[in-house]
Amino acid sequence: MALREIRELGDPILEKPCREVKEMTPRLRELVEDMLETMYEANGVGLAAPQVGVLRRICVVDIGDETIHEGEPFVLINPRIVEQRGSQTGDEGCLSLPGKAGKVTRPEYVKIHAFDEEMKEYEAEGEGLLARAFCHELDHLDGHMYTELVEGPLHDMEDRKEEEEDTEE
Ligand code: ZN
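Keep in mind that this is a model prediction, so the values were computed, not measured. (Residues numbered from 1 in each chain as written. Predicted model: local features only at pLDDT ≥ 70, side-chain atom pairs only at ≥ 80, totals over all residues. Heavy atoms only, no water.)

Draft legend 1. Representation of the overall build of the protein. A tally of helices and strands in the protein yields three helices and eight strands. For 169 residues, the compact-globule estimate of 2.2 N^0.38 gives 15 Å, and the protein sits close to it at 15 Å. Evaluated residue by residue, the protein yields a buried proportion of 44% over its 169 residues. Put simply, 65% of the contacts in the protein that link residues at least 6 apart link residues at least 24 apart. (Helix = DSSP H or I, 4+ residues; strand = E, 2+ residues; numbered from the N terminus. Rg over C-alpha atoms; globule rule 2.2 N^0.38 Å. Buried < 20%, exposed > 50% of the residue type's maximum accessible area, 1.4 Å probe, protein only. Contact = heavy atoms within 4.5 Å.)

Next up, the structure:
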């Protein structure tokens, strides 16, 4: 496994639509592992393949709730939203725009259909933060950033990461 460089807003690769995955290959499996490692290292709750420079319909999500998905991260291959309802408005950030956040309205609930890293079909439901994370990551696969949806100005995120590091030492 290896960390991959996270592309930042302004990189044209973040504006391009991604191609579907037809079959799992050793190379894509390695990509999934690297994406997970890169997401955890950056303290993110989700990461999409174009954010590490690969235009394939793959994303990973882990909101850190042990009660969801048996504490395992979601690996979403060729994901699509099949159901959605309600709405929620709240702060959203992105590893491709570090340190910033902005208000975005998303569905309160979504059901997604996707394939896992074994290319097995599954459905997952998400509410609240998980629904927001699914929507955010799926948007990346079509070349969209949350900044296109943001209501009002972006603001600086509190630097919680640094505080956590301080307390750990
Ligand atoms: Zn993002």
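Draft legend 2. Main features of empty space enclosed by the protein. Taken as a whole and judged by the stated rule, the model has one cavity of 30 Å³ or more. Taken as a whole, the largest cavity spans an internal volume of roughly 40 Å³. Around the largest cavity, the lining residues are Asp62, Ile63, Gly64, Asp65, Ile68, Glu72, Phe74 and Leu130. Residue classes in the lining of the largest cavity are distributed as four nonpolar, one polar and three charged. (1 Å grid on protein atoms, 1.4 Å probe; cavity = no way out; pocket = protein on both sides within 12 Å on 5 of 7 lines; lining within 4 Å. Points joined across faces, edges and corners; volume = space filled by probe spheres on them. Nonpolar A, V, L, I, M, F, W, Y, C, P; charged D, E, K, R; others polar.)

Draft legend 3. Local environment of the pairing of strand E7 (residues 121-127). Residue alternation in E7 divides its side chains into a buried set, Tyr122, Ala124 and Gly126, and an unburied set, Glu121, Glu123, Glu125 and Glu127. Hairpin remark: strand E6 (residues 109-115) followed by E7, antiparallel, with five residues in the connecting loop; positive phi at Met119, about 65°. (Pairing = 2+ DSSP bridges.)

Draft legend 4. The sheet that holds strand E3 (residues 74-85), seen in detail. Pairing within the open sheet is antiparallel, and its five strands lie in the order E1-E2-E3-E6-E7. Of all strands in the sheet, those bounded by a partner on one side alone are strand E1 (46-48) and E7. Strand after strand, the sheet turns through a mean of 35° between neighbouring axes, direction not considered. Note that strand E2 (residues 58-61) and E3 share four bridges and pair antiparallel. Note that in E3 the partner of Val61 across the bridge is Phe74. Across the sheet, helix H1 (residues 26-41) touches E1, E2 and E3, and the angle it forms with E2 is around 35°. On top of the sheet, helix H2 (residues 128-141) reaches E1, E2, E3, E6 and E7; it is set at about 125° to E7, its chief contact. (Axes fitted to C-alpha atoms, helices over the stretch in contact; angles between N-to-C directions.)

Draft legend 5. Main features of the sheet that holds strand E8 (residues 151-156). One open sheet accounts for three strands, arranged E4-E5-E8; its pairing is antiparallel. Edge positions in the open sheet fall to strand E4 (88-93) and E8, since each of these has one partner strand only. Within this sheet the neighbouring strands show an average axis-to-axis angle of 30°, counted without direction. Lying over the sheet, H2 contacts E4 and strand E5 (100-106), oriented at roughly 60° with respect to E4.

Draft legend 6. Fine view of the packing of aromatic side chains. Under the defined criterion, the tally for this structure stands at one aromatic pair. Ring geometry for Phe74 and Phe134: centres 5.2 Å apart, planes at 85°, overall edge-to-face. Linking Phe74 in strand E3 with Phe134 in helix H2, this pair joins segments that are 60 residues apart in sequence. Among the residues examined, Phe134 registers a relative accessible area of 0% and is labelled buried. Here the basic side chain of Arg85 rests over the ring of Tyr109, its NZ or CZ set 4.0 Å away from the ring centre. (Phe/Tyr/Trp six-rings, centres within 6.5 Å; stacked < 30°, edge-to-face > 60°. Lys NZ or Arg CZ within 6 Å of the ring centre and 35° of its normal.)

Draft legend 7. Spotlight on the coordination of the zinc ion. Bound to the zinc ion are the protein donor atoms Cys94 (SG), His136 (NE2) and His140 (NE2), situated 2.0 to 2.2 Å from the metal. For the zinc ion, the donor residues sit on a single chain with the sequence spacing C-x41-H-x3-H. On the criterion of sequence distance, the pair formed by Cys94 in the loop between E4 and E5 and His136 in helix H2 is long-range, its members being 42 residues apart. With a relative accessible area of 8%, Cys94 lands in the buried category. (Donors = N, O, S within 2.8 Å, 3.2 Å for Na, K, Ca; no water.)

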